[in-house]
Amino acid sequence: MAIQPKSVLQSSSSVPLSRQQQPYNLLNLPWLKAFLKSRWFPAVLSYPTLVVFTYIVYTLLWGPEAPSSNLGTSLTWVLWWPLIPVFMFTLGRFWCAICPFATAIDLVQKVAGLGRPVPAFLKKYGIWIIDAVFILITWSDHVFGIVESPRGSGYLLGLIVTAVVVTGVLFERRTWCRYLCFLGGLSGNYSRSSALELRATPEICANCKTQNCYRGNETTPGCPVFEFPRTMQSSANCNLCANCIKTCPNDSIRLSPRTPTKELWFMARPKFAESFLAVVIVGIVLVQNVTMLSFWEPTMEWLTSSLLGSRTLAFTAIFLAAMGLPFGVMAAVAKLSGASADESFHDNFARFGYAVIPLDLAGHIAHNLFHLLAEGKSIFYNLAALFGRHVTGPAALLSPGTIQALQFATLGLGIAGAMYTAYRIAGHSKANSNKLQTLWPHLAVLLLFGLLNIYLFTMPMSHRV
Amino acid sequence: MRRFILPAATLLVLAVAAPAMASAGLPKIASLNVGGHTVAVHADSPSAKTGTNTFTVEVSSLPAGHTVHFSLVGPQGQVVEVPLRDLLVLDGPDGGHGDGTDAHGTASHDGGHEDSSTGHDASPVTPGVSPSHDGHGDGSTGHDHATSGDGASPNLHETASHGETAPQGETVSHVETQAYSARGKAVLDTPGTWQVVVQISGDHTDPLTARAPIEVHPGGPAPGYVGFTGLTMGGFLTYGVFRRRGRASGGR
């Protein structure tokens with residue numbers, strides 16, 4: 001098959017672009033292309049990650065029970081968790097390509113994989129399972145203690161590994177990553193805001209008869225997350241594993257920088273469940289922060305005494321309220337906005353829910369900037385202890401004022417990104433609708449969520465280690 | 001990766017070059033009085049556990065030239081010697097907003113205070129003497145005082161009594177003391193009641209020893225959890241392997 005000239009590069013839309021509009025293809029960098037096509041990628045990163053992860057699980061389960069002394073806690077909750085949204089914003093779901101769970105699936109499938117097709121119910125309800133698991137884990141964190149307890153973190157990771165092994169044995173490819181991983185659901189949403197996209201070139205693909213990108217070839221498997229790059233218009237599932245770059249015989253794949261959040265402006269088929277997850281994350285941030293406020297304990301005591309003396313029941317009640325509040329507000333706004341746009345509440349919610357994603361991402365980064373920058377040195381202290389050196393001192397890398405300024409700046413960008421996204425989404429409303437009336441309720445609620453975040457970030461925060 | 005390794009390597013070099021002592025905000029498991037010296041023992045878990053433990057031993061005021069020896073005696077009389085190494089304490093900005101609990105360690109456990117002093121990287125540890133304290137009393141202030149250390153050990157707190165003048169005008173002695181803090185690892189094999197044994201000895205004095213009981217609990221995850229996850233993973237892997245073999249043989 002003849003290789004088409006590179007000048008036919010296109011954006012994800014099917015409209016041909018002029019030469020000036022062609023996105024820059026990072027694969028034009030010979031060293032990057034060679035690296036991504038090499039059989040060492042992503043193995044050179046994923047296998048060391050698996051080794052580190054194995055040690056982390058070991059030290060979480062068998063190591064020190066004081067979080068400040070546990071390297072697994074530091075690496076997981078002070079380094080990895082804060083960096084993961086930054087990764088998603090810059091590199092999309094690249095983490096998923098080197099994720100130890102994905103590597104474990106690959107290894108399991110080499111020896112025991114049965115390769116069964118993905119059950120229909122997973123395809124249909126996978127996103128809802130992800131939403132439910134995400135909520136359940138957040139709830140468990142507060143009730144049983146996961147982040148602040150090395151053992152709790154170890155238990156969670158061990159259970160996930162168990163589920164990963166089970167799905168790896170039973171189902172084909174990375175069914176877990178695509179349909180069940182709660183982090184994958186989060187990654188999918190955040191990656192839509194990312195500054196990097198992998199896409200195929202439709203003109204080149206039009207002549208393709210192999211479909212190697214999906215099926216794989218003799219040396220490289222097909223897309224592990226069931227994506228067909230030829231028609232892929234979203235970065236939500238692509239994990240940049242580079243299998244399609246390796247297998248495409250026509251060099252159709254391009255890797256291009258893009259304007260962050262741009263993908264959210266043109267959602268062809270918005271899904272309610274994905275918007276629901278975006279709104280739920282607002283509630284999760286609310287819970288994470290509200291538990292650190294001064295009125296939290298008195299409220300909990302009063303509620304505990306009112307609910308059979310059960311603190312778990314009391315927390316669950318507040319948790320459900322915190323989850324329900326942003327959803328309720330957003331639902332009311334969708335009803336109001338939908339009336340102006342001549343669309344149902346369901347459709348309006350699904351469409352505009354994506355506008356919350358930049359705010360979620362900013363809130364996630366801002367919250368974890370605190371943990372990374374105020375507790376970051378704990379990683380070095382625990383790493384030194386691993387090599388027999390005992391080092392201690394303040395864990396902060398930057399002063400509180402600097403950290404807070406960075407948090408507010410991040411949130412500011414998030415609010416601006418969310419409001420602009422809503423503006424662009426409103427631009428795609430039905431022709432006969434009043435776009436301004438459709439837009440303003442969403443702008444108001446995004447501003448409300450943003451200000452709420454800013455207020456919560458002025459409150460004292462608890463440390464993880 | 002580079003940004004991670006380089007600072008870690010720098011810290012390790014610093015740890016070798018400039019050992020200093022500091023306590024860490026870790027759970028306190030024992031408090032002893034060794035001949036008038038207050039000694040606190042911290043663990044890296046809320047209680048000591050079977051398996052590897054890291055103990056931090058603090059002496060609030062240790063006379064210069066004295067050494068600290070730390071060991072544990074098990075329920076069956078087994079003795080575990082714990083080689084102690086100094087803590088290097090680093091300086092840095094205060095972290096966090098509002099609550100000020102930024103000290104490395106679970107500040108909520110004991111406040112995460114950060115005393116430090118100099119010492120040698122050896123076991124048992126002989127605390128070093130800062131060059132600024134040469135044993136010559138000035139006889140004027142008559143107060144203990146603390147000084148900051150040099151750049152290598154910025155949180156140094158060294159307390160020294162220099163030729164103190166008694167109210168009657170009589171010079172008593174040159175007693176130089178230091179806050180002492182060091183860490184060591186020990187593997188404890190059995191749960192139950194153990195004794196921590198701390199011995200402080202000086203050049204010209206008899207060793208002073210004190211003991212305190214501590215409870216050692218079983219370490220590691222719950223056996224039920226290990227059993228469940230292990231059996232589930234093992235079971236499915238075995239199922240997958242045999243099922244594949246069955247398919248392969250059936251296909252032939």
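The structure we're discussing is the one just above.
Below: a short report on this structure. In this text the structure is predicted, and so the values were computed from the model without any measurement. (Residues numbered from 1 in each chain as written. Chains lettered and ligands numbered in written order. Predicted model: local features only at pLDDT ≥ 70, side-chain atom pairs only at ≥ 80, totals over all residues.)

## Quick word on the sheet that holds strand β4 (residues 48–49) of chain B
Residue and element names in this part refer to chain B. What the five strands build is an open sheet, ordered β4-β14-β13-β6-β7; its pairing is mixed. In the strand order of this sheet, the two ends are held by β4 and β7 (79–82), each with one partner. Pairing geometry for strand β6 (residues 67–73) and β7, over four bridges, is antiparallel. Bridge pairing in β7 links S71 to E81. (Pairing = 2+ DSSP bridges. Helix = DSSP H or I, 4+ residues; strand = E, 2+ residues; numbered from the N terminus.)

## Quick notes on the packing of helix α2 (residues 43–62) of chain A against helix α7 (residues 150–170) of chain A
Residues and elements named next belong to chain A. The contact between α2 and α7 brings their axes to 7 Å, and the two run at 135 degrees. Between α2 and α7, the interaxial angle falls into the category oblique. Classified by chirality, the crossing of α7 by α2 is left-handed. Of the residues in α7, those in contact with V57, L60 and L61 of α2 are P150, R151, S153, G154, L157 and G158. Of the residues contributing to the contact of α2 with α7, the split by class is five nonpolar, three polar and one charged. (Axes fitted to C-alpha atoms, helices over the stretch in contact; angles between N-to-C directions. Parallel < 35°, antiparallel > 145°, perpendicular 65-115°, else oblique. Left-handed = near helix turned anticlockwise from the far one by under 90°. Contact = placed C-beta atoms within 7 Å. Nonpolar A, V, L, I, M, F, W, Y, C, P; charged D, E, K, R; others polar.)

## With respect to the packing of helix α6 (residues 120–145) of chain A against helix α14 (residues 272–290) of chain A
Residue and element names in this part refer to chain A. Between α6 and α14, the shortest axis-to-axis distance is 10 Å and the interhelical angle comes to 5 degrees. The angle between the axes of α6 and α14 places the two elements in the roughly parallel class. Here I127, W128, D131, F134, I135 and T138 of α6 lie close against α14, whose contacting residues are A273, E274, F276, L277, V280, I284 and V287.

## Focus on the environment of L277 of chain A
Residue and element names in this part refer to chain A. Following the sequence through the fold, L277 ends up in helix α14. L277 gets classed as buried once you count the C-beta atoms within 10 Å, which come to 26. Spatially, the C-alpha atom of L277 lies 5.9 Å from that of D131, the residues being 146 residues apart in sequence. In contact with L277, other than residues within four places in its own chain, are D131, F134, G185 and N189. (Buried ≥ 20, exposed ≤ 12 C-beta atoms within 10 Å, placed from the backbone.)

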